[in-house]
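What follows is the residue order along each chain.
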Amino acid sequence: MSSQTIRTPVSQIIHSKETVDDEEPKKKSREDWRKAKELEEARKAGTAPAAVDEEGRDINPHIPQYIANAPWYYGAQGPTLKHQRPQREEDKGELSKKLPKGLDTSRLVTKFRKGACENCGAMTHKRKDCLERPRKVLAKYANSLVVHDEHIVQDEAVNYDEKRDRWSSYDPANHREIIEEYEKVEEAKRQLKAEKLKNDPDAEISDDDGNEDKYVDEVDMPGTKVDSKQRITVRNLRIREDTAKYLRNLDPNSAYYDPKTRSMRDNPNPQVPAEESEFDGENFVRFTGDTTKHAAAQLFAWEAHGKGVDVHLLAEPTKLELLQKEYEKKKEQFKSSTKEHIVEKYGGEEHLQAPPKSLLLAQTEDYIEYSRSGKVIKGMEKPKARSIYEEDIYLSNHTAVWGSYWNGGRWGYKCCKSFIKNSYCVGIKEPELTADLMIKGLDKNNSLKGDNTTREVSEDSSKKSLEESLSSSTSSSSSSENEEELQKRVSTHKKTKKKFKKRERKRMKKLIKKENKRTEEQQKALNEKNKESLTVEEIMDDRKRPYNSMYDIKAPSEREIEEWQRKRTRAEDPMLQFIDK
């Protein structure tokens with residue numbers, strides 16, 4: 001933004017306000033601001049002529065505002081860039097010109113004048129600006145105590161630099177008077193001290209006047225405490241809340257701790273990884289940041305000085321840095337030119353463009369160090385190879401993928417043991433009921449009836465199959481086998497059949513017994529729970545209620561946990577809202 005704003009000096013505003021009693025300049029209205037903005041945009045676009053300074057030169061409208069605007073003390077009356085151009089010698093002013101300062105003793109004042117300072121009687125300031133001590137009898141009433149006026153520098157007589165020159169009207173010859181006066185005072189002090197020693201030789205002469213640097217010892221630097229009597233410096237380098245360095249490792253063979261300087265250079269726990277350690281020794285701090293750069297620059301300066309180049313790190317740091325950059329650049333150019341020369345002479349450029357060894361040999365030399373827990377301590381862990389298919393994407397609240405569980409010839413989800421694909425996971429921890437477990441869930445009477453009917457059907461079918469097999473066997477082998485052999489085969493078949501039935505009966509009895517026991521335990525646990533709730537409700541009087549009767553300190557049994565899992569409501573189940581409560 002390069003809008004040309006005219007800044008009126010503060011002194012001119014005050015002067016015009018004192019001389020002419022006009023109204024203060026008003027702020028620009030919104031319409032004026034809009035017009036100025038449009039004019040500025042038009043000048044930038046080239047549709048309006050550029051602003052012209054007092055010398056008739058065009059001002060570039062793209063110049064920034066902080067460059068185009070003149071300072072307030074410059075007194076510019078319009079758009080100008082004169083303050084950015086070199087000043088002429090006659091405009092700079094004469095700093096060597098001596099202007100009068102101090103009191104004007106050329107005029108003798110004997111009585112109080114009208115409009116002067118009521119306190120001291122000077123005409124150059126008012127009472128509120130007077131720097132003298134307030135008098136008991138003002139100069140207005142005591143004409144004999146009127147002071148001289150001061151020399152006032154007129155604004156139109158000097159420019160900005162001359163007005164603010166702190167050495168204006170200073171005479172260097174006056175400095176000699178100050179030195180001579182100081183030497184006289186010192187000589188008088190020495191004579192007084194010599195006379196005192198001559199009159200009383202045993203008198204102790206204090207060093208109050210002789211030793212001027214004695215106050216330096218009494219000043220405490222931050223972090224230090226200096227005892228001027230014993231000349232001992234005690235450093236307080238550690239905050240009291242911080243752990244002391246010697247407590248980092250109590251092994252006497254660990255890093256050396258200097259108690260005098262309170263320093264421990266080496267790492268007290270080198271076996272601890274850098275990411276976990278809190279203190280790695282002071283050498284770690286000494287060789288971090290730009291310290292290595294500074295050491296390399298110092299080494300380069302020494303080597304350059306040894307070869308005849310006059311350069312110093314502290315005296316000419318910029319020159320040294322430029323020389324070092326130029327040296328590194330030429331060194332790289334020399335290396336590349338040498339490489340190109342060797343390739344041109346002997347050939348083999350195609351071998352330099354080969355892929356990296358890790359691709360050629362299918363192996364790398366990356367070092368990876370693991371901790372006992374399997375965490376990577378050093379190096380970067382090798383990324384796992386992933387397939388082209390989507391991985392680790394779980395749908396419908398599952399924490400395992402489909403096919404992670406196998407049971408009874410069917411695939412399912414491992415998290416909920418569900419065999420239904422794309423089903424919602426409800427967090428079932430037990431597998432689904434198999435054919436044998438489904439028999440357990442039936443009622444006792446129904447299970448017995450079902451078992452008898454199935455047993456009868458199986459017996460009839462086995463009898464029929466046996467008779468068919470016997471008849472077929474007798475018809476086919478009537479010519480070759482005897483009746484005795486047939487009878488033996490029938491008897492052995494009956495025996496095996498009886499053994500099989502007995503074994504089946506025992507197995508079914510065990511299953512029924514186990515299921516009955518389980519249902520009885522569930523019912524018993526439910527009854528106990530209901531009984532506890534009833535007893536708590538029956539106890540109405542707190543005075544008769546036993547201590548801790550409301551709490552059961554026993555751990556819940558497996559049956560109780562199972563009952564709670566079966567009856568608890570699952571808020572994450574999307575079908576919960578469709579269940580009739």
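If you look the chain up in an unreviewed UniProt entry, it shows as Pre-mRNA-splicing factor SLU7 from Glossina morsitans morsitans. UniProt, in its Function (unreviewed entry) section for the chain, records the words "Involved in pre-mRNA splicing."

Chemist: Explain the overall build of the chain to me, using residue names and the numbers behind them.
Modeler: In terms of helices and strands, the chain carries 16 helices and 10 strands. Counting only contacts in the chain whose residues sit at least 6 apart along the sequence, the fraction spanning at least 24 positions is 41%.

Chemist: How would you explain the pairing of strand β10 (residues 410-413) if you had to name every residue and give the values?
Modeler: Across 4 bridges, strand β9 (residues 402-407) lies against β10 in antiparallel orientation. Note that in β10 the partner of tyrosine 405 across the bridge is glycine 412. Connecting the antiparallel pair β9 and β10 is a turn made up of 2 residues, with glycine 408 showing a positive phi of about 65°.

Chemist: Go over the pattern of salt bridges with me, naming the residues and quoting the values.
Modeler: A full pass over the atoms with the stated rule returns 18 salt bridges. For arginine 34, the salt bridge identified is with glutamate 31, shortest N-O distance 2.1 Å. You can see arginine 34 and its partner glutamate 31 sitting in helix α2 (residues 30-45), 3 residues apart, about one turn around the helix.

Chemist: Tell me what's going on with unusual backbone geometry, and back it up with residues and numbers.
Modeler: Leave glycine aside and you will find that most residues have negative phi; peptide bonds, for their part, are mostly trans. The phi angle at arginine 262 is positive, at roughly 55°, despite the residue not being glycine. Note that arginine 262 resides in the loop between β6 (232-235) and α8 (282-286). Positive phi, close to 55°, is recorded for serine 396, a residue that is not glycine. Topologically, serine 396 is positioned in the loop between β8 (376-378) and β9.

Chemist: Give a detailed account of a nonpolar patch on the surface, specifying residues and quantitative values.
Modeler: A contiguous nonpolar patch, built from Trp72, Tyr73, Tyr74 and Tyr160 and spanning about 390 Å² of accessible area, is present on the exposed surface. One can find tyrosine 74 in the loop between α3 (65-68) and α4 (89-92). On the accessibility criterion, tyrosine 74 (32% relative accessible area) is partly exposed.

Chemist: Let's hear about the side chain of threonine 80: which residues, and what values?
Modeler: Examined against the element boundaries, threonine 80 turns out to sit in the loop between α3 and α4. You can call threonine 80 buried: its relative accessible area is 4%. At a separation of 3.0 Å, a polar atom in the side chain of threonine 80 contacts the side chain of glutamate 54.

Chemist: So what's going on with the environment of histidine 83? Residues and values would help.
Modeler: Among the secondary structure elements, histidine 83 is positioned in the loop between α3 and α4. Looking at histidine 83, the relative accessible area reads 19%, which means it is buried. In the structure, histidine 83 is positioned 16 residues away from isoleucine 67 in sequence and 9.1 Å away in space, judged by C-alpha atoms. Those residues in contact with histidine 83, other than ones at most four positions away along the chain, are Ile67, Ala68, Asn69, Ala70, Pro71 and Tyr74.

Chemist: Go over a negative patch on the surface, please, and point to the residues and values.
Modeler: A cluster of acidic residues, Glu340, Glu344, Glu349 and Glu350, forms a negative patch on the protein surface. Taken together, the elements giving at least two residues each to the negative patch come down to α10 (317-346) and α11 (349-352). With respect to the helices and strands, the residue glutamate 349 is situated in helix α11.

Calculation notes
- By convention here, each chain's residues receive numbers from 1 onward along its written sequence.
- Reporting of local features is limited, given that this is a predicted model, to residues whose pLDDT is at least 70; pairs of side-chain atoms are given and counted only at 80 or more, and all residues count toward the totals for whole chains, interfaces and linings.
- Here the side-chain values reflect all heavy atoms present in the structure, with hydrogen atoms and water set aside.
- UniProt positions are given in the numbering used here, feature names are shortened, and annotations may be inferred rather than shown by experiment.
- Under the DSSP-based scheme used, a helix requires at least four consecutive residues in state H or I and a strand at least two consecutive residues in state E, with every element numbered from the N terminus.
- Any two residues whose heavy atoms approach within 4.5 Å at even a single point are treated as in contact.
- Strand pairing requires that DSSP identify at least two bridges connecting the strands.
- Any carboxyl oxygen of Asp or Glu within 4 Å of a side-chain nitrogen of Lys or Arg constitutes a salt bridge here.
- The patch calculation keeps residues exceeding 30% relative accessible area without a salt bridge and links them within 9 Å when they carry like charges or within 5 Å when they are nonpolar (Val, Leu, Ile, Met, Phe, Trp, Tyr).
- Residue-level accessible areas treat just the shown protein chains as cover; the underlying method is Shrake-Rupley with a 1.4 Å probe.
- Relative accessibility under 20% of the residue-type maximum defines a buried residue, over 50% an exposed one, and the middle range a partly exposed one, all with a 1.4 Å probe and only protein chains included.
- Polar contacts here mean pairs of N or O atoms no more than 3.5 Å apart (in protein, one a potential hydrogen donor and the other a potential acceptor; neighbouring residues in sequence count only if both atoms are side-chain atoms).
- The positive count covers Lys and Arg only, the negative count covers Asp and Glu only, and His and the chain ends enter neither.
- Lysine's charge is taken at NZ, arginine's at CZ, aspartate's at CG and glutamate's at CD.

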